[in-house]
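Close look at the chain arrangement
Chain residues, written in single-letter form:
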Amino acid sequence: MSRKEKSSGSLFILMLNMFIVMVGMGLIIPIMPKFITEFGASGQAMGYLVSAFGLTQFVFSPFAGEWSDKYGRKKMIVFGIAMFTISQFIFAAATDMWMLYASRFLGGMGAAFMTPAMMAYVADITTEYNRGKGLGWLMASMSLGVVVGPGIGGFLAESGIRIPFYAAAMIAAISTVISLLFLPETVSIEARMKSKLSQTKRENILKQFARSFKAPYFMLLVLIFTMTFGLMGFESVFGLYVDKKYGFTPKDISLMITVGALLGVVIQAVLIDKLLRRFGEKKLLNVMFVVAGVSMIIMVFVQGYFLIFAVSGLFFIATSIIRPAINTLLSKMAGNEQGFVAGMNNAYMSLGNIIGPAIAGTLFDVNINIPYVVGAVILVMSSLLLAAWSRSSSASKAAKSEAVHA
């Protein structure tokens, strides 16, 4: 088997794993509002449940990125999916709120181990030229899982509201076995040993964040946070928002999320590579951050199922372009720090997963429109920050070039 065939096979396994895990996460989306009412939970509590996942993801992501350099990508991926499997079983069997929180904490830990290792894995098996395409396919498999998941969840929920959670645990267990048996390791024993010896004392989270502050790609990490803040703020209260304001059913919510995610899949799988080559990462990001922000503002004012359907679809399209564009640019700037950068990428994303839903849930209880206004402001400001950073970077490169020629 040629190296290209091996890389294609490995990428396929990563995509399959990501798809399976995201199906497990996606199939619970339409039934979550109904499920948490069994525990007497509010919109704020739902936001906190989402944040709980991000909290442990945030704590462990920086370490997981470095551990994938030291111990290998495969171990981190298998361990992460296994933890996600256990978390879903706990959620399905929960009888008290503390069990729901315990499940979410464990699931976030699993995501912390799995996600940066997968992103670093893609960087290992691709060249800088086709990395955008590889990451685009990985993101497409993520979105496809979200597309298929809600439909499966709605179907399974007819047999019992907890059945979808057990199903999520079972398919995650299958993903764990597939990874364990068929996914090859991309980091050589020598490279792992070198990574272990290069740092006698592991940096804590604060030191790693301080290190990221000084990196040339710091602004990209900030944008990952703001994008995740806006996306999770939108998604965490979306079901409650359209239910309370318009009386939409779980079936209506499921259809909106499915179609929006499906559009994202098509763009990430078919168009993202062409868009990146045609416009470049920075220009594409500038436009899409504005589109996402404007979509959130419009959401407050439009009425009617099809208009809301269209606006939410536009938002999902914009965010589906933003994520691989940032990841591609970040990977190009990471150099030989792919594991560390992937870990910090996940850490900043986790911050967005923590803060976005928590703030959105709290603001939702004050006024259901406020979460979308705040999210819109954050996303539009992200475009302005990116534009300022791009100008500063260009000026710095020009100054260095002049100094060299002088």
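Residues numbered from 1 in each chain as written. Predicted model: local features only at pLDDT ≥ 70, side-chain atom pairs only at ≥ 80, totals over all residues. Heavy atoms only, no water.

The next subject is helix α13 (residues 305–334). The end-to-end C-alpha distance of α13, which contains 30 residues, comes to 43 Å, matching closely the 44 Å that a straight helix rising 1.5 Å per residue would cover. Along α13, 22 of the 30 residues are buried, which leaves the element largely enclosed by surrounding structure. Gly335 sits one or two positions beyond α13 and adopts a positive phi of about 65°. (Helix = DSSP H or I, 4+ residues; strand = E, 2+ residues; numbered from the N terminus. Expected span 1.5 Å × (residues − 1). Buried < 20%, exposed > 50% of the residue type's maximum accessible area, 1.4 Å probe, protein only.)

Moving on to the pattern of salt bridges. Enumeration according to the criterion identifies three salt bridges in this entry. A salt bridge links Arg73 to Asp124; its shortest N-O distance comes to 2.7 Å. Here Asp124 lies in helix α5 (residues 97–125) and Arg73 lies in helix α4 (residues 73–93), a separation of 51 residues in the sequence. On the basis of relative accessible area, Asp124 is assigned to the partly exposed category, the value being 28%. For Glu281, the salt bridge goes to Lys332, with nearest N and O atoms at 2.9 Å. Residue Glu281 is found in helix α12 (residues 281–301), and its partner Lys332 is found in helix α13; the two are separated by 51 residues along the sequence. Overall, Glu281 belongs to the buried group, its relative accessible area being 11%. Under the relative-accessibility criterion, Lys332 is labelled partly exposed at 35%. (Salt bridge = Lys/Arg side-chain N within 4 Å of Asp/Glu carboxyl O.)

What follows concerns empty space enclosed by the protein. According to the stated counting rule, one finds four cavities of 30 Å³ or more in the structure shown. Here the residues of the lining of the second largest cavity are counted per class, giving eight nonpolar, four polar and one charged. (1 Å grid on protein atoms, 1.4 Å probe; cavity = no way out; pocket = protein on both sides within 12 Å on 5 of 7 lines; lining within 4 Å. Points joined across faces, edges and corners; volume = space filled by probe spheres on them. Nonpolar A, V, L, I, M, F, W, Y, C, P; charged D, E, K, R; others polar.)

Here the focus is the packing of aromatic side chains. Each aromatic ring pair is specified by the distance between its two centres and by the angle formed by the two planes. This model, assessed by the stated rule, comprises 19 aromatic pairs. With 5.8 Å between their ring centres and 15° between their planes, Trp67 and Phe113 make a pair best called stacked. Of the two residues, Trp67 sits in helix α3 (residues 43–71) while Phe113 sits in helix α5, which places them 46 residues apart along the sequence. Put simply, the rings of Phe234, Phe238, Tyr241, Tyr246, Phe315, Phe316 and Tyr372 touch in pairs and so form one group of aromatic residues. Here Arg278 stacks its cationic end above the ring of Phe279, 4.9 Å away from the centre of that ring. Over the ring of Trp389 we find Lys282; its NZ or CZ atom is 4.8 Å from the centre of that ring. (Phe/Tyr/Trp six-rings, centres within 6.5 Å; stacked < 30°, edge-to-face > 60°. Lys NZ or Arg CZ within 6 Å of the ring centre and 35° of its normal.)

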